[in-house]
Amino acid sequence: QEDRVCFSLPGVSKKDFDGFKKLFHRFLQVKGPSVDWPKIHRPPEDSIQPYDKIAALPLPDSLADSLNKLVVVKLNGGLGTSMGCKGPKSLISVRNENTFLDLTVQQIEHLNKKYNTDVPLVLMNSFNTDEDTKKILQKYTHHRVKIHTFNQSRYPRINKESLLPVATDIGMMGENADVWYPPGHGDIYASFYNSGLLDQLITEGKEYIFVSNIDNLGATVDLNILHHLVSQPNGKRCEFIMEVTDKTRADVKGGTLIQYDNKLRLLEIAQVPKAHVDEFKSVTKFKIFNTNNLWISLGAIKRLQEQNAMDMEIIVNPKTLDGGQNVIQLETAVGAAIKSFDNALGINVPRSRFLPVKTVSDLLLVMSNLYSLEAGSLTMSQKREFPTTPHVKLGSSFTKVQEYQTRFESIPDMLELDHLTVSGDVTFGKQVSLKGTVIIIANHGDRIDIPAGTILENKIVSGNLRILDH
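If you're wondering where the values come from, they're calculated on a predicted model, not measured in any experiment.

1. Focus: the UniProt feature "binding site: substrate" (unreviewed entry) in the chain
Mapped onto this numbering, the UniProt entry annotates "binding site: substrate" (unreviewed entry) at His185. Its location among the elements puts histidine 185 in the loop between β9 (180-181) and α7 (188-194).

Below, the structure written as structure tokens:
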């Protein structure tokens, strides 16, 4: 079968093909869930350190040496489709007309100016985002941050029944538009290595990368974690740090750290046998989840790539193409490689380091006065009395960014909000204030206009409320 796959894909880059062949070969060999449930144990106490313990260590006078060993890598392969936007997700405006990419550049530029350092930014693009991202990068030429890019692999989706690629040729247009895919962020190791950029950065004296999703606005360079990494004695050098944080009910699907065969290992919901899914979701047994903020040794990545020793479980992701054809795409996750690295460590960080913007509901939170923006970093406003984030659920009328923008004349004051649910045809006037629990439900065919200046505190609004210009 592999030979048939081989001959049906002439012209795909050799590195992409070799990578896909390896992944496909492993997929054919592995059957069923990849973990033996009874062998799962809670990680030993010292393998997941509380952030406070690391932050308590005094920082040296000169942080420049540590920062000059660092490279910031952002995973930039995703499109804005889940928010109704075309093009790369990183180019969506999130705050004061600043995009995810703008905020990232501002954060790193601020570090470089403040400490007189040279921390570069590396973007891992996919074939979906590369062209649009490169066009926009020109606007940062006069910023104090070097920006490099490399591309994720391009692999063929395979027919669920025949296990053969559905691509008829290597073209990307027309009927072939959706038969290729970027194989998950676990592809970073091979793509980074194959691009030549990894070796170039090592030659420049760089030792660690800080990797995160570009849509996680909490993933800023943390000087305490960086110092912890570089201050370890040589024999005990930590090659991999995963930032984890405490689970809430909203995070039950997030991957968690376990001890398995005497190694720290990432367990994702896709690997859990069906009979144990509820146990996996429980907040009592698995208390933490992976934020996908990772600190990884460049030298270790090079060593593991050259030894072909990077071990990541395969995630089989089923999809249905527009024509109704059932396909699967084989992916890997960047954090799954933790078991291949020496002296790997989890750090239990504050929730503020995990602020992902996946939906328009998340966008409303980060655009509001709950957060203040300084040098590209968002921090919870001092005026909010308790540090938890409100639970916001905007209905289907708000799923696209453009619809959402027309429904808010200005972003409401949410400093004292606990919970907001909005369903149906609802609009908000200027300077609305929301406090406590607010539920607004417009039934089908009705519309609710919340008047300018309204204060809603612990209120349920339903029915029909039209405000017409006189």
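2. What to know about the pattern of salt bridges
Evaluated as defined, the whole model comprises 21 salt bridges. Between lysine 302 and aspartate 199 there is a salt bridge, with its nearest N and O atoms 2.8 Å apart. Residue lysine 302 is located in helix α11 (residues 298-306), and its partner aspartate 199 is located in helix α8 (residues 197-203); the two are separated by 103 residues in the primary sequence. Ionic contacts of the salt-bridge type, sharing partners, join the residues Arg265, Asp311, Glu313 and Lys339 into one network.

3. Quick notes on the environment of isoleucine 40
Positionally, isoleucine 40 belongs in the loop between α2 (14-29) and β1 (48-50). You can call isoleucine 40 buried: its relative accessible area is 7%. Taking the C-alpha atoms as reference, isoleucine 40 lies 37 Å from valine 179; in sequence the two are 139 residues apart. Excluding anything up to four places from it in sequence, isoleucine 40 contacts Val35, Ile258, Gln259, Tyr260, Leu267 and Phe286.

4. Some points on the sheet that holds strand β23 (residues 433-442)
The sheet built from 4 strands is open, its strands ordered β20-β21-β23-β25 with parallel pairing. Single-partner strands in this sheet number two, and they are β20 (391-394) and β25 (455-463). Strand-to-strand twist of the sheet, defined as the mean angle between neighbouring strand axes without regard to direction, takes the value 15 degrees. Both β20 and strand β21 (residues 413-423) contribute to a ladder of 4 bridges, which runs parallel. By the bridge assignment for β21, valine 392 is matched with leucine 420. Packed on one face of the sheet, helix α12 (residues 360-367) meets β20 and β21 and runs near 130 degrees to β20.

5. Things to note about the UniProt feature "binding site: UTP" (unreviewed entry) in the chain
The residues that UniProt annotates with the feature "binding site: UTP" (unreviewed entry) are Lys89, Gln152, Gly184, Asp215 and Lys358. With respect to the helices and strands, glutamine 152 occurs in the loop between β6 (147-151) and β7 (155-156). Given a relative accessible area of 10%, glutamine 152 falls into the buried group. With relative accessibility at 40%, the residue lysine 358 sits in the partly exposed group. Discounting chain neighbours no more than four positions away, the residues touching lysine 358 are Ser82, Met83, Lys89, Asn213 and Asp215.

6. So, the packing of aromatic side chains
Here the distance between the centres and the angle between the planes together describe a pair of aromatic rings. If you walk through the whole model with that rule in mind, you get 14 aromatic pairs. Centroid distance phenylalanine 20 to phenylalanine 24: 5.6 Å. Interplanar angle 20 degrees. Geometry classified as stacked. Of this pair, phenylalanine 20 and phenylalanine 24 both sit in helix α2, 4 residues apart, which is roughly one turn of the helix. Assigned by exposure class, phenylalanine 20 and phenylalanine 24 land together as buried. Relative to phenylalanine 192, the ring of phenylalanine 150 has its centre 4.9 Å away and its plane inclined at 10 degrees; by these criteria the two rings are stacked. Of this pair, phenylalanine 150 sits in strand β6 while phenylalanine 192 is found in helix α7, placing the two residues 42 residues apart along the sequence. Residue phenylalanine 150 is classed as buried on the basis of its relative accessible area of 5%. Positioned above the aromatic ring of tryptophan 180 is the side chain of arginine 154, whose terminal nitrogen or guanidinium carbon lies 4.1 Å from the ring centre. Across the ring face of phenylalanine 398, the terminal group of arginine 407 is positioned such that the distance to the ring centre comes to 5.5 Å.

Reading the values: rules and limits
Residues numbered from 1 in each chain as written. Predicted model: local features only at pLDDT ≥ 70, side-chain atom pairs only at ≥ 80, totals over all residues. Heavy atoms only, no water. UniProt positions renumbered as here; feature names shortened; annotations may be inferred. Helix = DSSP H or I, 4+ residues; strand = E, 2+ residues; numbered from the N terminus. Salt bridge = Lys/Arg side-chain N within 4 Å of Asp/Glu carboxyl O. Buried < 20%, exposed > 50% of the residue type's maximum accessible area, 1.4 Å probe, protein only. Contact = heavy atoms within 4.5 Å. Pairing = 2+ DSSP bridges. Axes fitted to C-alpha atoms, helices over the stretch in contact; angles between N-to-C directions. Phe/Tyr/Trp six-rings, centres within 6.5 Å; stacked < 30°, edge-to-face > 60°. Lys NZ or Arg CZ within 6 Å of the ring centre and 35° of its normal.

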